[in-house]
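So you can see what is in the structure, the chains are spelled out below.
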Amino acid sequence: MEGTPDPTGDPTGNLTGDLADEQDALDVIVADLPADQWLTPTPSPGWTVADQVGHLTYFDSAATLAMTDPDAFQAHRRELLATFGDAGAAEAMTLGAYRAMDADELLAAWRRGRLQLAAAAASVAPDARIEWYGPSMSKRSFLTARLMEAWAHGQDVVDALGAERPPTDRLRHVAQLGVITRGWSYKNRGLDTPAGDVRVELAAPSGDMWTWGDVDLEDSVAGPAEDFCLVVTQRRHVDDTRLAVRGPLGREWMECAQAFAGPATNGPDARSTRT
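Worth saying up front: this structure is predicted, and the values here are computed from it rather than measured.

Here helix α2 (residues 49–68) crosses helix α3 (residues 70–81) at 140°, and the two axes come no closer than 6 Å. With respect to α3, the axis of α2 lies oblique. Of the two possible hands of crossing, α2 and α3 adopt the one that is left-handed. Judged by residue contacts, Tyr58, Phe59, Ala62, Leu65, Ala66 and Thr68 of α2 engage Pro70, Ala72, Phe73, His76 and Leu80 from α3. Across the contact of α2 with α3, the residue classes break down as 9 nonpolar, 2 polar and no charged.

Right, dumping it as structure tokens:
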């Protein structure tokens, strides 16, 4: 399958349903956790399982605001961006209210927010542009970003708890976002995107092949779709995956890839370099 915006021709396709399914996959993992396991540390320094869910709840609410009241969202954005550079202030703003909740209250708030997000998405025209923390986004890219966030922060929870979450072809959305944000990964660091393209060949969980770029490009990234998604969401270092990277453009991209908005960040070091 080629990396076209949507193989069905529908600008949003079944994306809303896939987003709900991805959220449900994480819900299944946390729904019956004992209260003490919500406090389990995750790979994000200083963040617990509860913080991961709180983060999703906060930004699902922000996404609902962006779709239903763009002016109010822009005021909120100015307030939040003013905290960047002060991790304590940013965490207080985004996580403070949720850290005051017990596990049952937090789970209920997350579930309510997911329903509100779905309702807001249904009210937005397919060709709408939606403001966010980086450039404005198409509706499809915007909802894809929410799915990516649910999957990536879900991965932090999975890693922390040693839980199982089999990969699905919903990763197609995350992979697409990873590919189209190659330029953003450089721009966000104040760098020019190198001239030249990178071929991407990914094996889907279903056994399909997903590809982007010309087949004769000298630089390429190939391997399991899950591993690619782990790298572009900065959950794994490329050297700790089964990805085969060819050429300097592919290597540099995989070392700076960032498929999400916000300040430039670095993913984890390779295990071989950790002390």
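This is not the end of the story, as more comes after the structure.
Mapped onto the elements of the fold, Glu22 is located in helix α1 (residues 15–30). The buried category is assigned to Glu22, whose relative accessible area is 3%. Setting aside anything within four residues of it in sequence, one finds Glu22 in contact with Leu147, Ala150, Trp151, Arg165, Thr168 and Arg170.

With mixed pairing, the 4 strands of this open sheet are ordered in space as β4-β3-β5-β6. Where the open sheet ends on each side, the last strands, each with one partner, are β4 (209–212) and β6 (244–246). Direction aside, neighbouring strands of the sheet carry axes that sit 5° apart on average. Contacting β3 (199–203), β4 and β5 (220–224), helix α9 (residues 225–232) runs over the sheet at an angle of about 120° to β5. Lying on the sheet, helix α10 (residues 248–256) is in contact with β3, β5 and β6; it crosses β6 at an angle near 125°.

What follows concerns the packing of aromatic side chains. Across all of its chains, the model carries 7 aromatic pairs by this definition. Here the aromatic rings of Phe228 and Trp253 are separated by 5.8 Å at their centres, their planes lie at 75°, and the arrangement is edge-to-face. Of this pair, Phe228 sits in helix α9 while Trp253 is found in helix α10, placing the two residues 25 residues apart along the sequence. On the basis of relative accessibility, which here comes to 1%, the residue Trp253 falls in the buried class. In textbook terms, an aromatic cluster arises when at least three aromatic residues are bridged by ring pairs, as seen for Tyr58, Phe59, Phe73, Trp132, Tyr133 and Phe142. The residue whose ring lies beneath Arg172 is Trp210, and the NZ or CZ to ring-centre distance is 5.9 Å.

Okay, α3 next. The terminal C-alpha atoms of α3, which comprises 12 residues, lie 16 Å apart, in line with the 16 Å expected from a rise of 1.5 Å per residue. Along its buried surface, α3 packs onto α2 and α4 (87–99).

Next up on the list: a negative patch on the surface. A surface patch of negative charge is lined by Asp197, Asp214, Asp216 and Glu218. Looking at the element boundaries, Asp197 is found in the loop between α8 (182–187) and β3. A relative accessible area of 53% places Asp197 in the exposed class.

Of note, Gln234 is a non-glycine position whose phi angle comes to about 60°, a positive value. Classification of Gln234 as buried rests on a relative accessible area of 13%.

Time to look at the pairing of β4. Of the strand pairs in this sheet, β3 and β4 are connected by 4 bridges, and their pairing is antiparallel. In the strand pairing of β4, Glu201 is matched with Thr211. As consecutive antiparallel partners, β3 and β4 are separated by 5 residues, and within that stretch Gly207 has a phi angle of approximately 105°, a positive value.

On to the environment of Gly262, then. As for its position among the elements, Gly262 is in the segment after α10. By relative accessible area, Gly262 is classed as buried at 17%. Residues Gly262 and Trp132, 130 residues apart in the sequence, show an inter-C-alpha distance of 9.8 Å. Once residues within four sequence positions are removed from consideration, Gly262 is found in contact with Phe84, Trp184 and Asn188.

Reading the values: the criteria
Residues numbered from 1 in each chain as written. Predicted model: local features only at pLDDT ≥ 70, side-chain atom pairs only at ≥ 80, totals over all residues. Heavy atoms only, no water. Axes fitted to C-alpha atoms, helices over the stretch in contact; angles between N-to-C directions. Helix = DSSP H or I, 4+ residues; strand = E, 2+ residues; numbered from the N terminus. Parallel < 35°, antiparallel > 145°, perpendicular 65-115°, else oblique. Left-handed = near helix turned anticlockwise from the far one by under 90°. Contact = heavy atoms within 4.5 Å. Nonpolar A, V, L, I, M, F, W, Y, C, P; charged D, E, K, R; others polar. Buried < 20%, exposed > 50% of the residue type's maximum accessible area, 1.4 Å probe, protein only. Pairing = 2+ DSSP bridges. Phe/Tyr/Trp six-rings, centres within 6.5 Å; stacked < 30°, edge-to-face > 60°. Lys NZ or Arg CZ within 6 Å of the ring centre and 35° of its normal. Expected span 1.5 Å × (residues − 1). Patch = residues over 30% accessible without salt bridge, like charges linked within 9 Å, V, L, I, M, F, W, Y side chains within 5 Å. Areas by Shrake-Rupley, 256 points an atom, 1.4 Å probe, with all protein chains shown as cover. Salt bridge = Lys/Arg side-chain N within 4 Å of Asp/Glu carboxyl O. Lys, Arg positive; Asp, Glu negative; His and termini not counted. Charge placed at Lys NZ, Arg CZ, Asp CG, Glu CD.

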